[in-house]
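Letter by letter, the chains look like this.
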Amino acid sequence: MKRYLLLGLIFIFSITFSFSQRFQIDSTFGINGRAYSITPPNGLPISSKISLDKILVNISYQSATTFRGKFCYSIFDAQGKLFNDLGQDGVVLDSLTLDHVGFDGVMTKGGEVLQVGGIEFENSGAALVGKFNSAGIIDRSFGDKGFFLKKLDFISQAITIIMDEMESIYVGALSATNVSETSFIMKLTPSGAPDTSFNSSGYFVCNFNGEPKIRKIIFQEDGKLLAFCEQSFINATHILIFRLLTNGTLDTSFGDNGSISIPLRDIDTYAGDFVRLSNRRYAFNSIRNVFEPGETPLSDVYVIKENGELDTTFCTDCPQPGVSPIEGNLIESILPYRDKILLGGWIPDGDGNFSRIRIDRLSDDKLDVNFRAVNANFFESMKDSFYLTSYVLQDTSRVICLGLDRTVSKSYNATLLALKLDNSISNKKLETTTDDILLYPNPVDDILHLVLSNPEKSNPSIIVKVYTVEGKLIKTQACSVEDGELKVPIKLLPPGNYVGTINNGIAIQTFKFSKI
């Protein structure tokens, strides 16, 4: 008994338990947390956007027999009810006969939908913008009988679209010749005509090095436009961000004469998401391609200031201040959540396939290991049942996951999965006392002993998980309670610092230890 009291005195200042929020399915949304629409064969839901009290699901569709695509979308209300009076059973398709495909869409305040993509045109390709009225029918008053086409070079295609408060339309597009690629941004009036007040021509061409490929455009608070692109150089990939004034000309006060170019880890790293944070800051992430079994997924989260400089007050003790490395998550979406940042992405399985979803959280600008550990079982339970394509945050209360539900009978389905965080669980850290879990020895070489505070209330078999400090799960052990203790063999672990969790049937608790 004296041994336990002594350990309590030793560890009272060195161990903390962090009770993190848990994700759970929001059963008030749709049917038990899920909402469905049945897409045409080969239809893949690619993005979702929220406009007031409606959720727009954009679907990339191409016929398996004719290889001709169409603009395609569904709309749900805020609680997950499908507007099944639109189109055919809630799925809207356009009636163009030329080959085309959609990549993104946005909804007006009045429920009209604009979609963008590429279309076969004059033996090459053009960027295409189409508009549907609130009844899901092509709005023939928009552009040329409902569509606007823009061909800059041999092949062009529109990638992303946003609208301002006046519902002027901004489109980011790619353009390619036989030897090079670039991007351009065009502005259209609400009626679908080029807005010549924007750079005098209605569009801005990205004449930067590295064949920039536009990925996303967002507004600053003052109405200026930030464009997020990927650059390709020999043996290197960069992120290019440039800023346009409201008149469509380059803002030379931003970065280095209007743009910044940030090198990523290596040639196998590519652009992820780009969002606006509070305090006039912006975050983006990069993703390192992982296709080999056993490789660790790796993403980096960057924060920049409004002037384009890397914000070195973010993650100050990281290897590169301003950049937070995240192992174990291929981040697709950055979600500002109250005073935190959520990171939505994928976990590859042992075969290199992307079979599981994962949502992490930054705490003190770093991966919140406790948050990941507490939610690990929840996301593991969805392995192979939900194929994720994107995330969106709804009213800072729900995370909406878009993808394919593999448990339903229809192979082609657009599924919204609503998750919420249990706010009844405290986020604050609690100092340990002699009533909490204790461990010995520390540092440890062979067997780690965990002393339970209430062994009589615990399950006879308890799962112990061990993570690296970066959050990578490296050991899962089922342990039996013996004399109020758990004995965890860790001899095969390499030397270093680790974080562990136990679920004793009362709560998930966190501990830290060092392996020698």
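All residue numbers here refer to positions counted from 1 along the written sequence of the relevant chain. For this predicted model, a pLDDT threshold of at least 70 governs which residues receive local features, and a threshold of 80 or more governs which side-chain atom pairs are given and counted, while totals over whole chains, interfaces and linings are taken from all residues. To get the side-chain values, take all heavy atoms of the structure and skip hydrogens and water.

*Asks:* Which parts of the structure should I look at to understand the environment of T269?
*Replies:* Positionally, T269 belongs in strand 20 (residues 269–276). As for T269 and D300, which are separated by 31 residues in sequence, their C-alpha atoms are 9.7 Å apart. Whether two residues are in contact is decided by their heavy atoms, any of which lying within 4.5 Å being enough. Once residues lying within four places of it in the same chain are set aside, the contact partners of T269 are T237, L264, S286, I287 and R288. Counting from the N terminus, the helices are the DSSP runs of H or I reaching at least four residues and the strands are the DSSP runs of E reaching at least two.

*Asks:* Would you mind going over the nonpolar core with me for this structure?
*Replies:* For soluble globular proteins, nonpolar side chains are generally found buried alongside one another. Within this scheme, the nonpolar core is defined by two criteria: the residues are buried Ala, Val, Leu, Ile, Met, Phe, Trp, Tyr or Cys, and they are joined through side-chain atoms within 4.5 Å. Think of it in three bands: residues with accessible area under 20% of the maximum for their type are buried, residues over 50% are exposed, and the middle band is partly exposed, with areas taken using a 1.4 Å probe on protein chains only. Ranked by internal contacts, the top residues of the largest apolar core, which has 22 residues, are F23, V399 and C401. Elements with a contribution of two residues or more to this core: strand 24 (330–337), strand 25 (340–348), strand 26 (354–363), helix 2 (369–380), strand 28 (386–394), strand 29 (398–405) and strand 30 (413–421). At four residues, strand 28 tops the list of elements feeding residues into this core. Contact partners of C401, with chain neighbours within four places excluded, come to I357, F386, L388, S390, Y391, T415, L416, L417 and L419.

*Asks:* For this particular structure, what's the right way to read helix 2?
*Replies:* Each α-helix winds once per 3.6 residues, and so residues spaced three or four apart point in a common direction. Expected span of a helix: the number of residues minus one, times 1.5 Å. Its 12 residues place the ends of helix 2 16 Å apart at the C-alpha level, agreeing with the 16 Å of an ideal helix rising 1.5 Å per residue. Within helix 2, 10 of the 12 residues are buried, which leaves the element mostly enclosed by the surrounding structure. Within helix 2 the residues assigned to the buried category are V369, N370, F371, R372, A373, V374, N375, A376, F378 and F379. The opening residue of helix 2, the one whose side-chain oxygen lies 3.2 Å from the backbone nitrogen of N370, is D368. Each polar contact in these results corresponds to two N or O atoms within 3.5 Å; when the atoms are within protein, one needs to be able to donate a hydrogen and the other to accept it, and residues that are neighboring in sequence are counted only if both atoms are side-chain atoms.

*Asks:* Any chance you could explain the pattern of salt bridges here in plain terms?
*Replies:* Take a side-chain nitrogen of Lys or Arg and a carboxyl oxygen of Asp or Glu: if they are within 4 Å of each other, that pair is a salt bridge. All chains considered together, the criterion is met by 23 salt bridges. Between R280 and E221 there is a salt bridge, with the nearest N and O atoms lying 3.8 Å from each other. Of this pair, R280 sits in the loop between strand 20 and strand 21 (281–288) while E221 sits in the loop between strand 16 (213–219) and strand 17 (225–233); the two residues are 59 residues apart in sequence, bridging distant segments of the chain. Overall, the relative accessible area of 45% leaves R280 in the partly exposed class. E221 sits in the partly exposed class, given a relative accessible area of 49%. A single salt-bridge network, built from bridges that share partners, covers D222, K224, R243 and D251.

*Asks:* Where do I start with the packing of aromatic side chains in this structure?
*Replies:* Geometry of an aromatic ring pair is reported as the spacing of the ring centres plus the angle between the planes. In summary, the pairing rule links any two rings of Phe, Tyr or Trp, Trp by its six-membered ring, whose centres are within 6.5 Å, and it sorts them by plane angle into stacked for under 30 degrees, edge-to-face for over 60 and tilted for everything else. Applying the stated rule across the entire model yields 17 aromatic pairs. The interplanar angle of 20° and the centroid separation of 5.6 Å between the aromatic rings of Y498 and F513 together place this pair among those described as stacked. Taken together, the residues Y498 in strand 37 (residues 496–503) and F513 in strand 38 (residues 508–515) connect sequence positions 15 residues apart. Of the two residues examined, Y498 and F513, each falls in the buried class.

*Asks:* Looking at this structure, I do not really get the pairing of strand 14 (residues 181–188). What am I missing?
*Replies:* Consecutive side chains of a regular strand alternate in pointing toward one face of the sheet and then the other. For strand 14, a buried count of seven out of eight residues is recorded, marking the element as mostly surrounded by other parts of the structure. For two strands to be treated as a pair, DSSP must find no fewer than two bridges joining them. Pairing of strand 13 (residues 169–176) with strand 14 involves eight bridges; the strand directions are antiparallel. When the bridges of strand 14 are listed, S175 appears paired with T182. Sheet analysis places strand 14 next to strand 15 (residues 203–205), joined by three bridges and oriented antiparallel. Residue pairing in the sheet places I185 in a bridge with F204 of strand 15.

*Asks:* Looking at this structure, I do not really get the state of the cysteines. What am I missing?
*Replies:* Defined by distance alone, a disulfide is two cysteine sulfur atoms within 2.5 Å. In total, this model carries one disulfide according to the counting rule given. With its sulfur 1.7 Å from that of its partner, C315 forms a disulfide with C318. Accessibility assignment for this pair places C315 and C318 in one class, buried. Unpaired in terms of disulfides, C206 finds its nearest cysteine sulfur in C229, a separation of 5.1 Å.

*Asks:* Would you explain the sheet that holds strand 16 in this entry?
*Replies:* Hydrogen bonds between backbone groups are what pair the strands of a sheet, and the pairing can be parallel or antiparallel. Read from one edge to the other, the open sheet built from four strands follows the order 16-17-18-19, with strand pairing classed as antiparallel. Here the strands that pair on one side only, and so sit at the sheet edges, are strand 16 and strand 19 (259–263). Mean inter-strand twist for the sheet, computed between neighbouring axes without regard to direction, equals 20°. Sheet topology places strand 16 next to strand 17; six bridges connect them, and they run antiparallel. In the sheet register, F219 faces strand 17, and the bridge partner there is L225. A fitted line through C-alpha atoms represents every axis, and for helices the fit uses only the stretch in contact; the resulting angles, taken between N-to-C directions, go from 0 to 180 degrees.

*Asks:* Help me out: how do you make sense of the sheet that holds strand 20 in this one?
*Replies:* Reading across from one edge, 20-21-22-23 is the order of the four strands in this open sheet, with antiparallel pairing throughout. With partners counted over all chains shown, the strands left at the sheet margins are strand 20 and strand 23 (323–327), one partner each. Across the sheet, the axes of successive neighbouring strands diverge by a mean angle of 20°, strand direction being ignored. The sheet contact formed by strand 21 and strand 22 (residues 298–305) spans eight bridges and is antiparallel. Paired with F284 across the two strands is Y302, which belongs to strand 22.

*Asks:* What am I meant to see in the environment of D339 here?
*Replies:* Note that D339 resides in the loop between strand 24 and strand 25. For D339, a relative accessible area of 68% puts it in the exposed group.

*Asks:* Would you mind showing me how to read unusual backbone geometry here?
*Replies:* Glycine aside, a negative phi is what most residues show, and trans is what most peptide bonds show. A cis amide bond links Y440 to the next residue, P441, at an omega of -15°. Topologically, P441 is positioned in the loop between strand 32 (438–440) and strand 33 (447–451). The omega angle of the peptide bond from N442 to P443 is 5°, so this bond is cis rather than trans. Topologically, P443 is positioned in the loop between strand 32 and strand 33. With a phi angle near 55°, D89 is a residue other than glycine that sits in the positive phi range.

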